[in-house]
Amino acid sequence: MTERVLIVDDEEDLRYVYTRQLRGDGYLLDTAADGEEAIEKIRATEYAVILTDMRMPRKDGLAVIAAAREHLPDAEIIVLTGHGSLENALQAFKAGNIFEYLLKPLDDIGVLNTVVARAIERRNLRKHNRELFEQLQRAYEELRQKSEMLVQNEKMSAIGVLAAGVAHELNNPLTAVVGFAQMIAEKLKASRPANWSDTEYERAQQALENLVQGAHRARDIVGSLLRFARATKPDARTLVDINQTLRDAFVFTEHLLLRHGIMLEKRLAPELPPVWGNSARLQHVFTNLLINAQQATPSGGTVRVITERAEQPKGVWVHMEDTGEGIPPDALEQIFEPFYTRKEHGTGLGLSIAKQIIEEHGGEIRVASELGKGARFSVFLPADDAHTIDPTQQVQVA
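Source: prediction; values computed, not measured. (Residues numbered from 1 in each chain as written. Predicted model: local features only at pLDDT ≥ 70, side-chain atom pairs only at ≥ 80, totals over all residues. Heavy atoms only, no water.)

**Some words on the overall build of the protein**
When helices and strands are tallied, the protein shows 10 helices and 12 strands. Taken across its 398 residues, the protein has 41% of its residues classed as buried. In the protein, once contacts between residues fewer than 6 apart in sequence are set aside, the share between residues at least 24 apart is 71%. Taken as a whole, the protein presents about 22,300 Å² of accessible surface, with 52% of it coming from carbon and sulfur. (Helix = DSSP H or I, 4+ residues; strand = E, 2+ residues; numbered from the N terminus. Buried < 20%, exposed > 50% of the residue type's maximum accessible area, 1.4 Å probe, protein only. Contact = heavy atoms within 4.5 Å. Areas by Shrake-Rupley, 256 points an atom, 1.4 Å probe, with all protein chains shown as cover.)

**Section: helix H7 (residues 242-259)**
Its 18 residues give H7 an end-to-end C-alpha distance of 25 Å, which sits within 8% of 26 Å, the value for a rise of 1.5 Å per residue. Remark: the principal bend of H7, roughly 45°, maps to Val251. For H7, every residue scored as buried is listed here: Ile242, Asn243, Gln244, Thr245, Leu246, Asp248, Ala249, Phe250, Val251, Thr253, Leu256 and Leu257. Among the residues of H7, the N-terminal cap falls to Asp241, whose side-chain oxygen and the backbone nitrogen of Asn243 are separated by 3.0 Å. Looking one or two residues past H7, Gly261 carries a phi angle of roughly 75°, positive in sign. (Expected span 1.5 Å × (residues − 1). Bend = angle between axes of the 7 residues up to and from the residue. Polar contact = N/O pair within 3.5 Å; in protein donor to acceptor, adjacent residues only side chain to side chain.)

**Focus: helix H8 (residues 279-296)**
A rise of 1.5 Å per residue sets the reference length of H8, with its 18 residues, at 26 Å; its end C-alpha atoms lie 26 Å apart and thus fit the reference within 8%. Where burial is concerned, most of H8 is hidden: 14 out of the 18 residues are buried. Measuring from the backbone nitrogen of Arg281 back to the side-chain oxygen at the start of H8 gives 2.9 Å, which picks out Asn278 as the cap.

**Notes on the packing of H8 against helix H10 (residues 350-360)**
Relative to each other, H8 and H10 sit at 145°, their axes nearing to 10 Å. Here the hand of the crossing between H8 and H10 comes out left-handed. Listed contacts from H10 to Arg281, Leu282, His284, Val285, Asn288, Leu289 and Asn292 of H8 are Gly350, Leu351, Ile353, Ala354, Ile357, Ile358 and Glu360. Classifying every residue of the contact of H8 with H10 gives eight nonpolar, four polar and two charged. (Axes fitted to C-alpha atoms, helices over the stretch in contact; angles between N-to-C directions. Left-handed = near helix turned anticlockwise from the far one by under 90°. Nonpolar A, V, L, I, M, F, W, Y, C, P; charged D, E, K, R; others polar.)

**Concerning the side chain of Thr287**
Turning to its location among the elements, Thr287 is positioned in helix H8. In contact with Thr287, not counting residues within four places along its chain, are Ala249 and Thr253.

**With respect to the sheet that holds strand S5 (residues 98-103)**
Read across the sheet, five strands follow the order S2-S1-S3-S4-S5 without closing on themselves; strand pairing throughout is parallel. Pairing within the sheet leaves two strands with one partner each, and these edge strands are strand S2 (28-32) and S5. Strand-to-strand twist of the sheet, defined as the mean angle between neighbouring strand axes without regard to direction, takes the value 15°. Seen against the sheet, helix H3 (residues 61-71) touches strand S3 (49-52), strand S4 (76-81) and S5 and runs at an angle of roughly 170° to S3. (Pairing = 2+ DSSP bridges.)

**A few points about the packing of aromatic side chains**
With the rule as written, the count across this model stands at one aromatic pair. Note on Trp317 and Phe380: the rings are 5.2 Å apart at their centroids and 50° apart in plane angle, and the pair reads as tilted. Of the two residues, Trp317 is situated in strand S10 (residues 314-322) and Phe380 in strand S12 (residues 375-382); the sequence distance between them amounts to 63 residues. A residue is classified by how much of its surface remains accessible, and Trp317, at 16% relative accessible area, is buried. A residue is classified by how much of its surface remains accessible, and Phe380, at 7% relative accessible area, is buried. (Phe/Tyr/Trp six-rings, centres within 6.5 Å; stacked < 30°, edge-to-face > 60°.)

**Looking at unusual backbone geometry**
At the junction of Gln312 and Pro313, the peptide bond is cis and its omega measures out at -5° in the coordinates. Here Pro313 is to be found in the loop between strand S9 (302-311) and S10. The phi angle at Lys59 is positive, at roughly 85°, despite the residue not being glycine. Relative to the assigned elements, Lys59 resides in the loop between S3 and H3. Look at Lys59 and you get partly exposed, because its relative accessible area is 45%. Within the chain, Glu271 stands out as a residue other than glycine whose phi angle is a positive 55°. Within the fold, Glu271 resides in the loop between strand S7 (263-268) and strand S8 (275-277).

**Here we look at the nonpolar core**
Among the nonpolar cores identified, the biggest contains 36 residues, and Ile242, Leu282 and Phe286 are the most heavily contacted of them. The residues contacting Leu282, other than those within four sequence positions of it, are Val240, Ile242, Thr245, Val275, Ile357, Ile358, His361 and Leu381. (Core = buried A, V, L, I, M, F, W, Y, C linked by side-chain atoms within 4.5 Å.)

**Describing the pattern of salt bridges**
Applying the stated criterion across every chain, the model contains 18 salt bridges. In this structure, the salt-bridge partner of Arg130 is Asp74, at a minimum N-O distance of 3.0 Å. Taken together, the positions of Arg130 in helix H5 (residues 111-190) and Asp74 in the loop between H3 and S4 put the pair 56 residues apart, joining distant regions of the chain. Residue Arg130 is classed as partly exposed on the basis of its relative accessible area of 34%. Ionic pairing is found between Arg304 and Glu265, a salt bridge with its closest N-O pair at 3.1 Å. Note that Arg304 is positioned in strand S9 and Glu265 in strand S7, a separation of 39 residues in sequence. Overall, Glu265 belongs to the buried group, its relative accessible area being 19%. Each of Glu265, Arg267, Arg304, Glu321 and Arg376 takes part in a single network of salt bridges with overlapping partners. (Salt bridge = Lys/Arg side-chain N within 4 Å of Asp/Glu carboxyl O.)

Taken by themselves, the reported measurements are silent on function.
Structure (structure tokens):
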């Protein structure tokens, strides 16, 4: 790119001499007869180098330097002055980014070409260094984000191993508890002890019913743990029933919502098409969104989960709505960025990881919100139309 140079001097002859001297170097050359004209041009045009006199009518060289510092911080400034006192030089260097301070008349006019060329070289080197620094910053942030993702994946794998072990250890005793509880309930229903009052009999029946319900819920949790454990490796893919993945997320979050006085409303569309993906990682996304909704919703509020079939393109939509405080417009633009958080002790990684997981599945995640009216997170996942499954592999819907 051809560099543009501004020559500022109130002496017309000197402007002509400087222009003629630099024209052969291929620069785009502009001139100004005083400081005020120079400042107007500085505000309107990008200059690589500004050559300026110090004493001029209608704004002096210091005003030109100050304007360049404000509007063109990358521009190099060369002072050409016939009033070369130490005080003037100090004032010039304090005022802005001075590359060279020359006294006129110049003994060798050719030195002007050398000084301007060096000034442009320094400017370009500084710009290049800044671009390299920005690239390094971006690379560092990307590396830090990927490092956090790897740590998260390792944690999920470790949790999966632990979950599988716990689930297998609990499965047999839970089966026994359910079986014996049902057997006792049936016997009690068929034959009431003669020495029990009506109140005692009803309390015993209710206690057994609660026991059976609790045991069944524990078995549901064990089933969710086993499904989670089977898919904790990031590259483990199966046909995924999104409704079932959401039910597994509900197992771990519904009681949290209820404990905070929040109702969980489920509107799961039947017969959704399966998606090809990692059920544990998708469950991680939905669990994270549900916990975020709980933290944003006051007691007495509602969290609503809706699934629906999409046709163009074919897939599944999952919407999670809350009746919380909402998200400010400025935060909506940054909410999926790594390390951005509005929570006091948050890491700022939850939603960025969720976005990455959804994009790994070929989907997208959106957010809409209005202050005071809650937020709505929408996740789209493409249906499994193109994936070919080897029939010899016993792939099951997660």
